[in-house]
Amino acid sequence: SQTIHQWPATLVQPVGSPLSLECTVEGTSNPNLYWYRQAAGRGLQLLFYSVGIGQISSEVPQNLSASRPQDRQFILSSKKLLLSDSGFYLCASSSGQGYEKLFFGSGTQLSVL
Amino acid sequence: GESVGLHLPTLSVQEGDNSIINCAYSNSASDYFIWYKQESGKGPQFIIDIRSNMDKRQGQRVTVLLNKTVKHLSLQIAATQPGDSAVYFCAENHDYGGSQGNLIFGKGTKLSVKP
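In this report, the structure presented in the accompanying data block is examined. From a predicted model like this one, the values you see are computed outputs, not experimental measurements.

### Examining the overall build of chain B
Alright, step 1. A count of helical and extended segments in chain B gives zero helices and ten strands.
Alright, step 2. Along chain B, helices and strands appear, N-terminal first, in the series β-β-β-β-β-β-β-β-β-β.
Alright, step 3. Taken across its 115 residues, chain B has 43% of its residues classed as buried.
Alright, step 4. Partitioning the intrachain contacts of chain B with sequence separation of at least 6 by distance along the chain shows that 54% fall at a separation of at least 24.
Alright, step 5. A total of about 5700 Å² of accessible surface is found on chain B, and carbon and sulfur atoms cover 47% of it.

### Notes on the overall build of chain A
Alright, step 1. A count of helices and strands for chain A gives zero helices and eleven strands.
Alright, step 2. Relative to a compact globule of 113 residues, whose C-alpha radius of gyration would be 13 Å, chain A shows 13 Å and is just as compact.
Alright, step 3. Counting only C-alpha atoms and orienting by the principal axes, one finds that chain A spans roughly 40 × 30 × 25 Å.
Alright, step 4. For chain A, the proportion of contacts with a sequence separation of at least 24, taken over those separated by at least 6, is 55%.
Alright, step 5. In the form shown here, chain A has an accessible surface area of approximately 4900 Å², with 52% of it arising from carbon and sulfur atoms.
Alright, step 6. Once the 7 positive and 6 negative side-chain charges of chain A are each reduced to a mean point, those two points are 7 Å apart.

### Some details on the packing of aromatic side chains
Alright, step 1. All told, the structure shown has ten aromatic pairs over all chains when counted by the stated rule.
Alright, step 2. Measuring from ring centre to ring centre gives 6.0 Å for Phe104(A) and Phe105(B), while their planes differ by 70 degrees; the resulting arrangement is edge-to-face. One end of the pair, Phe104(A), is in strand S10 (residues 103-104); the other, Phe105(B), is in strand S9 (residues 103-105), on a second chain. Each member of the pair Phe104(A) and Phe105(B) is classed as buried.
Alright, step 3. One aromatic cluster is present, formed by Tyr34(A), Tyr36(A), Tyr49(A), Phe104(A), Tyr36(B), Phe46(B) and Phe105(B) through successive ring pairs.

### Remarks on the pairing of strand S6 (residues 62-67) of chain B
Both faces of the sheet carry side chains from a regular strand, because those side chains alternate between them.
All names here are of chain B.
Alright, step 1. Pairing analysis gives three bridges linking strand S5 (residues 56-58) to S6, with the strands arranged antiparallel. The residue of S6 that forms the bridge with Lys56 is Leu65.
Alright, step 2. Here S5 hands over to S6 after three residues, with Arg61 in that stretch at a positive phi of 65 degrees.
Alright, step 3. With six bridges joining them, S6 and strand S7 (residues 72-77) adopt antiparallel strand pairing. Note that in S7 the partner of Leu65 across the bridge is Ser74.
Alright, step 4. The hairpin turn running from S6 into S7, its antiparallel successor, is four residues long, and Lys71 in that turn takes a positive phi close to 55 degrees.

### Quick word on the sheet that holds strand S2 (residues 19-24) of chain B
Residues and elements named next belong to chain B.
Alright, step 1. An order of S2-S7-S6-S5 is seen for the four strands of this open sheet, with the pairing classed as antiparallel. Single-partner strands in this sheet number two, and they are S2 and S5. Across the sheet, the mean angle from the axis of one strand to that of its neighbour is 15 degrees, orientation sign disregarded.
Alright, step 2. When S2 meets S7, the two strands line up antiparallel, connected through six bridges. If you follow Ala24 over to S7, its bridge partner there is His72.

### Here's the deal with the state of the cysteines
Residue and element names in this part refer to chain B.
Alright, step 1. Here the structure, examined in full by the defined rule, presents two disulfides over all chains.
Alright, step 2. Through a disulfide, Cys23 is tied to Cys90; the S-S separation comes to 1.6 Å. Note that Cys23 is positioned in strand S2 and Cys90 in strand S8 (residues 86-93), a separation of 67 residues in sequence. Each member of the pair, Cys23 as well as Cys90, carries the same accessibility label: buried.

So, how was this worked out
- Residues numbered from 1 in each chain as written.
- Chains lettered and ligands numbered in written order.
- Predicted model: local features only at pLDDT ≥ 70, side-chain atom pairs only at ≥ 80, totals over all residues.
- Heavy atoms only, no water.
- Helix = DSSP H or I, 4+ residues; strand = E, 2+ residues; numbered from the N terminus.
- Buried < 20%, exposed > 50% of the residue type's maximum accessible area, 1.4 Å probe, protein only.
- Contact = heavy atoms within 4.5 Å.
- Areas by Shrake-Rupley, 256 points an atom, 1.4 Å probe, with all protein chains shown as cover.
- Rg over C-alpha atoms; globule rule 2.2 N^0.38 Å.
- Lys, Arg positive; Asp, Glu negative; His and termini not counted.
- Charge placed at Lys NZ, Arg CZ, Asp CG, Glu CD.
- Phe/Tyr/Trp six-rings, centres within 6.5 Å; stacked < 30°, edge-to-face > 60°.
- Pairing = 2+ DSSP bridges.
- Axes fitted to C-alpha atoms, helices over the stretch in contact; angles between N-to-C directions.
- Disulfide = S-S within 2.5 Å.

In structure tokens form, the structure reads like this:
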């Protein structure tokens, strides 16, 4: 099975500061990669997904961007954080082949103050 | 669509009782369904999945039932334990073997187990 490494686990950032969250995947090649955000006590919102290096699809307009510089590396970024960017960010991976079971990382709790 | 904007419903059960968590899905063309368990502060963990050519699938202490007629999915947990306390999400897959595999998540249900 796949292992998703995501860091940091928690992050406190001031409004207007930049953001970079990194995710790496082990145990698979050419995975589909995803970034989700989860507000406290709520469901999962898909932010970005990628089917290959340099290929990024955005699901919702927002203050964030994503990049995939390597096959098993997915980065979530922002140039200037907003208060509304606070939340629990999850990286996920799937095989990209047929029925898609997502494997999730342990998440990053981002607080923008 | 995306599961955002609403607070989670809660199910409270006594330790040892059976739990049933329900989920309604939106797309009659969905052919693959998954249940995830998410403990506080952690990422969702896969529990069990089912394809649309099945009505029932059993795992260890868990059973998933699929009713395609009414687009309803349920997760049954036998002999619920305190360690089962978590938020449970259902997810549906709209793609037929496509490379995206974009899962659509339900709103989630918080299960609380009373000792």
